[in-house]
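Structural characterization, general
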Amino acid sequence: GHAIVSVDPEGENQILLYPGANHDIDLQAAVAQLDTAGEGDWALLQNETNGADEFVAAARARGMKLAYSAAPFDAAITARLLPETDLLVVNEIEAAALSDMLGTPAKEAGIPHLVVTRGGDGADYDGIAGSFHVPAFSVTPVDTTGAGDCFFGYLLAAMAADRPVEQALAAGRPSMLEIDLQGARQVRRTMPEALFVFLKPPSWEELVRRLVGRGTETEEERERRLLTAREELAAEPEFDVTIVNHE
């Protein structure tokens, strides 16, 4: 797909989307990625791709929960997916469109977890954990593109790690460190409350194929990297969340 992003002097953005290949996804291949998931895991979906109904049906058949970002807002798609949704995150404009579609305030739709983001005014939560407001951190925005995606990812990762919803929403300013195993262990000692995410390949064979395919290391360097990789993969239980990198 293609996105044209316009940003005003206050950092707010407007995005013009052309779906392109995003509306031509191989659904058989997409659904196959769910085979590594189990009952109670989260499936994440938004409105930029085709095959939403098939994907949700496959996720539900596996006992998964659905986290849904109804953006860009499409009333027809949202109406079909809402009954299957466990966590819905929308901005205030999308929430207003959703309320118009339902003919009732979105918070009265019976969604287990509803989060409405309000930019610099924070976010509102309504659902099985109660109703409350989470204020935003005071910052000087330069460009808010992707801010909602970052917020959603941080929230979902925390909920997947079984953190309370209010703690997941107000745990602190999200930041990310991309570090090796030793670095992660050092962070764990100094900041045990951090969320630790483990990124791993689909299989050992795939990891070897990728490393050899790059052709940037000597055979001795490859063997050393693979030895390190075995040690790192064995440490997966030390992390809170695991993400399989299929690319």
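On a predicted model such as this, the values are computed, not experimentally measured, just so you know.

Notes on the overall build of the protein
Within the protein one finds nine helices and 10 strands. Dimensions of the protein, computed from the C-alpha atoms along their principal axes, are close to 65 × 45 × 40 Å. The buried share of the protein, reckoned over its 247 residues, is 30%. Within the protein, counting contacts between residues at least 6 apart in sequence, those at least 24 apart form 55% of the total. Total accessible area on the protein is roughly 15,200 Å²; 53% of this is exposed by carbon and sulfur atoms. For the protein, the separation between the mean place of its 19 positive charges and that of its 41 negative charges on side chains is 8 Å.

Some words on the packing of aromatic side chains
Each pair of aromatic rings is reported with the distance of its centres and the angle of its planes. Counting across every chain of the model gives two aromatic pairs. Consider the rings of Y125 and F132, whose centres lie 4.9 Å apart with planes at 20 degrees: the pair is stacked. On the accessibility criterion, Y125 (1% relative accessible area) is buried. On the basis of relative accessibility, which here comes to 15%, the residue F132 falls in the buried class. Across the ring face of F196, the terminal group of R188 is positioned such that the distance to the ring centre comes to 4.0 Å. Cation over ring: R230 sits above W204, and NZ or CZ is 4.0 Å from the ring centre.

With respect to a nonpolar patch on the surface
Taken together, the side chains of V5, V7, I15 and L17 define a hydrophobic patch exposed on the protein surface, amounting to about 290 Å² of accessible area. Contributing elements (two or more residues each) for the nonpolar patch: β1 (2-7) and β2 (13-18). Looking at the element boundaries, V5 is found in strand β1. Owing to a relative accessible area of 37%, V5 belongs among the partly exposed residues under this scheme.

Section: the confidence of the model for the protein
The predicted model of the protein has a mean per-residue pLDDT of 88, with 97% of residues at 70 or higher. Here β2 stands out as the least confident element of the protein, with mean pLDDT 78; strand β4 (residues 65-69) is the most confident, with 96.

Let's talk about the packing of helix α8 (residues 204-214) against helix α9 (residues 219-234)
Contact pair α8 / α9: the axes reach a minimum separation of 11 Å and the direction vectors enclose 150 degrees. Considered as vectors, α8 and α9 are oriented roughly antiparallel to each other. α8 and α9 meet at a crossing whose hand is right-handed. Taken together, the residues of α9 that come into contact with α8 (itself represented by W204, L207, V208, L211, V212 and R214) are R222, R225, L226, A229, R230 and L233. The residue makeup of the contact of α8 with α9, split by class, is eight nonpolar, no polar and four charged.

Some points on the nonpolar core
Of all hydrophobic cores here, the largest spans 24 residues; its most connected members are L45, Y68, L81, L88, V90 and L114. Breaking this core down by element, the ones donating at least two residues are β3 (42-46), α2 (52-61), β4, α3 (75-81), β5 (87-91), α4 (92-102) and β6 (113-117). Not counting chain neighbours up to four residues away, the residues in contact with L81 comprise L45, A52, D53, V56, L66 and Y68. Listed in part, the 17 residues of the second largest apolar core include V115, F132, A158 and V165.

Here is what the cut-offs are and how they apply
- One numbering rule holds for all chains: residues counted from 1, following each sequence as written.
- Totals for whole chains, interfaces and linings use all residues, but because this is a predicted model, local features are given only for residues with pLDDT of at least 70 and pairs of side-chain atoms are given and counted only at 80 or more.
- Calculation of side-chain values draws on the structure's entire complement of heavy atoms; hydrogens and water are dropped beforehand.
- Helix and strand definitions here come from DSSP, where helices need a minimum of 4 consecutive H or I residues and strands a minimum of 2 consecutive E residues; each element is numbered from the N-terminal end.
- Under the scheme applied here, a residue whose accessible area is under 20% of the maximum for its type counts as buried, over 50% as exposed, and between as partly exposed, the area being computed with a 1.4 Å probe on protein chains only.
- The criterion used for residue contact is that any of the two residues' heavy atoms lie within 4.5 Å.
- In this description, accessible areas are obtained by the Shrake-Rupley approach with a 1.4 Å probe, and a residue is regarded as covered only by the protein chains that are shown.
- Charged-residue counts in this description rest on Lys and Arg as positive and Asp and Glu as negative, His and the chain ends being excluded.
- One atom stands in for each charge, and that atom is NZ of Lys, CZ of Arg, CG of Asp or CD of Glu.
- Each aromatic pair joins two rings of Phe, Tyr and Trp (for Trp, the six-membered one) with centres within 6.5 Å, and gets the label stacked for planes under 30 degrees apart, edge-to-face for over 60, and tilted for any other angle.
- Charges are assigned to positions over rings by a cutoff of 6 Å between ring centre and Lys NZ or Arg CZ, combined with an angular limit of 35 degrees from the ring normal.
- Residues with no salt bridge and a relative accessible area higher than 30% make up the patches, which join like charges within 9 Å and nonpolar side chains (Val, Leu, Ile, Met, Phe, Trp, Tyr) within 5 Å.
- For this document, the term salt bridge refers to a Lys or Arg side-chain nitrogen within 4 Å of an Asp or Glu carboxyl oxygen.
- By definition, pLDDT measures how confident the predictor is in each residue, and it falls between 0 and 100.
- Helix axes are fitted to C-alpha atoms over the stretch in contact, other axes to C-alpha atoms as well, and angles between N-to-C directions run from 0 to 180 degrees.
- Angular relationships are summarised with four words: roughly parallel below 35 degrees, roughly antiparallel beyond 145, roughly perpendicular across 65 to 115, and oblique for the angles in between.
- Left-handed is the label given to a crossing in which the near helix is rotated counterclockwise from the far helix by less than a right angle, and right-handed is the label when the rotation is clockwise.
- When residue character is reported, Ala, Val, Leu, Ile, Met, Phe, Trp, Tyr, Cys and Pro are called nonpolar, Asp, Glu, Lys and Arg charged, and the others, Gly included, polar.
- To form a nonpolar core, buried Ala, Val, Leu, Ile, Met, Phe, Trp, Tyr and Cys residues must be joined to one another through side-chain atoms within 4.5 Å.

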